[in-house]
Amino acid sequence: MQNWKIKTSLFLNYFVFAILLNSVGTVILQVQQNFGVSESAASTLEAFKDLSIAAVSFLISSYIVRIGYKNAMLIALGFISVICFIMPFTASFLTTKLLFAAVGSSFALIKMSVYSTIGLVTKNEKEHISLMNFIESFFMIGILTGYFIFSYFVDDANPQSTQWLNVYYLLGGISLAAFLLLLSASLDESSIQSKEQKSMLSEFKEMFKLMVKPIVLVFVLCAFFYVLIEQSIMSWLPTFNNKVLLLPAALSIQMASILAGSTALGRFFAGLVLKKLNWLIILISCLLLAAALVLVAIPLAEKTTGQPITGWATAPIAAFVFPMIGLLLAPIYPAVNSVILSTLPTKQHGLMSGLIIIFSALGGTTGSIITGNIFEHYDGKQAFYFSLIPMAILIVCLFLFNRLQRKEKNSIQSN
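Within every chain, residues take consecutive numbers counted from 1 along the sequence as written. Local features in a predicted model are, by the rule used here, given only for residues with pLDDT of at least 70; side-chain atom pairs are given and counted only at 80 or more, and totals for whole chains, interfaces and linings are based on all residues. Side-chain figures throughout are based on the complete set of non-hydrogen atoms in the structure, without hydrogens or water.

### Observations concerning the overall build of the chain
Heads up, the condition is: Only DSSP runs of H or I with at least four residues qualify as helices, and only runs of E with at least two residues qualify as strands; both kinds are numbered from the N terminus onward. Throughout this description, buried means an accessible area under 20% of the type-specific maximum (1.4 Å probe, protein chains only), exposed means over 50%, and partly exposed covers the range between. In this analysis, two residues are considered to be in contact whenever any of their non-hydrogen atoms come within 4.5 Å of each other. To measure how exposed things are, a 1.4 Å probe is used in the Shrake-Rupley method; for residues, cover is taken only from the protein chains shown.
Per the secondary structure count, the chain includes 21 helices and zero strands. Looking at the chain as a whole, 59% of its 415 residues qualify as buried. For the chain, restricting intrachain contacts to residue pairs at least 6 apart in sequence, the fraction spanning at least 24 positions comes to 87%. When the accessible area of the chain is evaluated, it comes to approximately 16,100 Å², of which 67% is carbon and sulfur surface.

### Focus: the side chain of Ser387
Here Ser387 is to be found in the loop between α20 (380-385) and α21 (388-414). Of the residues examined, Ser387 reaches a relative accessible area of 1% and is grouped as buried. Those residues in contact with Ser387 that sit more than four places away from it in its chain are Ile229, Ile233 and Val294.

### Observations regarding the packing of aromatic side chains
Counted only if it meets this: Classification of ring pairs rests on two measures: the distance between centres of Phe, Tyr or Trp rings, Trp counted by its six-membered ring, which must be within 6.5 Å, and the angle between planes, read as stacked under 30 degrees, edge-to-face over 60 and tilted in between.
Enumeration over the complete set of coordinates arrives at 13 aromatic pairs. Among the aromatic residues, those joined into a cluster by ring pairs are Tyr14, Phe17, Phe107 and Phe139.

### Topic: helix α15 (residues 279-297)
Where we set the bar: Under the convention used throughout, the expected extent of a helix is 1.5 Å for every residue step, that is, one less than its residue count.
For α15, which comprises 19 residues, the first-to-last C-alpha distance of 26 Å matches the rise-based estimate of 27 Å (1.5 Å per residue) to within 8%. Within the sequence span of α15, burial applies to Trp279, Leu280, Ile282, Leu283, Ile284, Cys286, Leu287, Ala290, Ala291, Leu293, Val294 and Ala297.

### Digging into the nonpolar core
For clarity, the cut-off: The term nonpolar core refers to a set of buried residues drawn from Ala, Val, Leu, Ile, Met, Phe, Trp, Tyr and Cys, joined through side-chain atoms within 4.5 Å.
Within the largest apolar cluster, 149 residues are counted, with the highest numbers of intra-cluster contacts made by Tyr168, Ile325, Ile340, Met352, Leu398 and Phe401. Dropping the residues within four chain positions of it, Met352 is found in contact with Leu210, Val216, Phe219, Ile340, Leu341 and Leu344.

### Comments concerning the packing of helix α4 (residues 44-60) against helix α7 (residues 93-121)
In a packed pair of helices, the relevant descriptors are the angle between the two axes and the axis-to-axis distance. Which entries qualify depends on this criterion: In this description, a line fitted to the C-alpha atoms serves as the axis of each element, helices being fitted only across the stretch in contact, and the angle between N-to-C directions of two axes falls anywhere from 0 to 180 degrees. Put simply, a crossing is left-handed when the front helix is turned counterclockwise from the back one by less than a right angle, and right-handed when it is turned clockwise. Under this grouping Gly is polar, as are all residues other than the nonpolar Ala, Val, Leu, Ile, Met, Phe, Trp, Tyr, Cys and Pro and the charged Asp, Glu, Lys and Arg.
Two elements in contact, α4 and α7, have axes whose closest approach is 7 Å; the angle formed by their N-to-C orientations is 35°. Crossing handedness for the pair α4 and α7: right-handed. Along its contact with α4, which presents Thr44, Leu45, Phe48, Lys49, Ser52, Ile53, Val56, Ser57 and Ile60, the element α7 presents Phe93, Thr96, Lys97, Phe100, Ala101, Gly104, Ser105, Phe107, Ala108, Leu109 and Met112. For the contact of α4 with α7, the class distribution of residues is 12 nonpolar, six polar and two charged.

### Remarks on helix α6 (residues 69-86)
Taking 1.5 Å of rise per residue, the 18 residues of α6 would be expected to cover 26 Å, and the 26 Å separating its terminal C-alpha atoms lies within 8% of that figure. Among all positions in α6, only Tyr69, Lys70, Ala72, Met73, Leu74, Ala76, Leu77, Ile80, Ser81 and Cys84 are buried.

### Focus on the packing of helix α2 (residues 24-35) against α7
The cut-off we apply is this: Relative orientations are named as follows: roughly parallel for angles under 35 degrees, roughly antiparallel for angles over 145 degrees, roughly perpendicular for angles from 65 to 115 degrees, and oblique for any other angle.
Where α2 contacts α7, the two axes come as close as 11 Å, and the packing angle between them is 170°. Taken together, α2 and α7 sit at an angle that is classed as roughly antiparallel. Residues Val24, Val27, Val31 and Phe35 of α2 form the contact with α7, whose own contacting residues are Phe93, Thr96 and Phe100. Among the residues making up the contact of α2 with α7, the classes are represented as six nonpolar, one polar and no charged.

### Points about the environment of Leu295
Turning to its location among the elements, Leu295 is positioned in helix α15. The spacing of Leu295 and Tyr385 is 90 residues in sequence and 7.7 Å in space, taken between C-alpha atoms. Among residues more than four places away in sequence, those in contact with Leu295 are Tyr385 and Leu388.

### Digging into a nonpolar patch on the surface
Defined as follows: What goes into a patch is any residue over 30% in relative accessible area without a salt bridge, connected to like charges within 9 Å or, for nonpolar side chains (Val, Leu, Ile, Met, Phe, Trp, Tyr), within 5 Å. Any carboxyl oxygen of Asp or Glu that lies within 4 Å of a side-chain nitrogen of Lys or Arg is treated as forming a salt bridge with it.
On the surface, Leu265, Phe268, Phe269, Leu272, Val273, Leu277, Met324 and Leu327 cluster together into a nonpolar patch covering about 670 Å² of accessible area. Here the nonpolar patch takes five residues from helix α14 (residues 257-273), the largest share from any one element. Mapped onto the elements, Leu277 comes out in the loop between α14 and α15.

### Observations regarding the confidence of the model for the chain
Threshold: Per-residue confidence from the predictor is given as pLDDT, running between 0 and 100.
Confidence along the chain averages 80 in pLDDT terms, with 88% of residues attaining 70 or more. In the model of the chain, helix α10 (residues 200-211) stands out as the element of lowest mean pLDDT, 66, in contrast to α6, which has the highest, 91.

### Here we look at the side chain of Asn402
Structurally, the position occupied by Asn402 is in helix α21. Those residues within four positions of Asn402 in sequence are excluded, and the remaining contacts are Trp279 and Leu280.

### Quick look at the environment of Lys243
The topology assignment puts Lys243 in helix α12 (residues 237-243). Between the alpha carbons of Lys243 and Asp379 there is a distance of 9.2 Å; along the sequence they are 136 residues apart. Apart from the residues lying within four places of it in its own chain, the contact partners of Lys243 are Gln32, Glu39 and Phe375.

### Notes on the environment of Thr366
Counting through the fold element by element, Thr366 comes out in helix α19 (residues 349-377). Given the relative accessible area of 27%, Thr366 is considered partly exposed. Between the C-alpha atoms of Thr366 and Ile229, which are 137 residues apart in sequence, the distance is 9.6 Å.

Here it is as structure tokens:
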């Protein structure tokens, strides 16, 4: 019963932060309309989110075990509940930046704790990679839900209206519900508690020692480039729909949900398929197909009818086709995260989770800022063609990662 309860808490925690974190694409569009900021200025919202994730992960990852995974999640949920209830009283670009800094800081605690807790509630590598994919698929369901929630509060008749900020009352309520569920669950963390009390300096030394391992170095490159691809598309898809495909703002946000839905579906099926098939073959195939989809789908954006777009039925085909890239990119991130975590000892999962979050955050910020600048100085189509470059780099990194992972496993078995 308790194992079921804690797993449910992991899913709900990820659901809450999926909505909050990935509302950045929606908010990027809204702040351009509400506060008159440029695309490049709006892209800094991603930095406030991701750099706060990276900073908190760097400072806390060495201590996450001492804090306790459950305690860390409760702190994050409690803090962000308060922030959400305060947010509707504010209406400025500055307070929006501070909101994402708060969301990012809280998510760092959530993600480190969730990733580390998976190792405590699963029995083997295949169960680990399966649960990781199911949790990440639920994350995408949260993103999908978030698009519809936010679009409901957007006023197309008055683009300058800030009534959409009222959505944070609802999100604060969901965060509070997640806090209460987790508070009532129990988690046995005794297996990862160290009897030896280490100094802050020695804790950071362990993190850097782990980071210089060849397999970890290649892994963080995989995480960096994957998130660079994902966030450059996800954060700018509502703006692409609005400014390139000429969809109304609310519809632009709603149709971006196709990306989240296809990603959720992809991760759900990956959770089943990766139990039986080799992860490298699946991930390389997915990346090659994703690159092909970019080359096919983006030219469709030029084929608009010129007729007014009033709803899903009148939207151009590009608005439906391109977001299906999520189905192909979906398995990559949870799979490589699971592989590295299941390769390392359980006691190192907290430190490794911190590194995952740090480099994922840096990748997300880099991708969004590059895309925002290409969007402003060229156009949305060129900005999305850019994703082909990190896709090619990621394919090379995955081959190296697979080779090093096999070598690491053979080394562990021989010892």
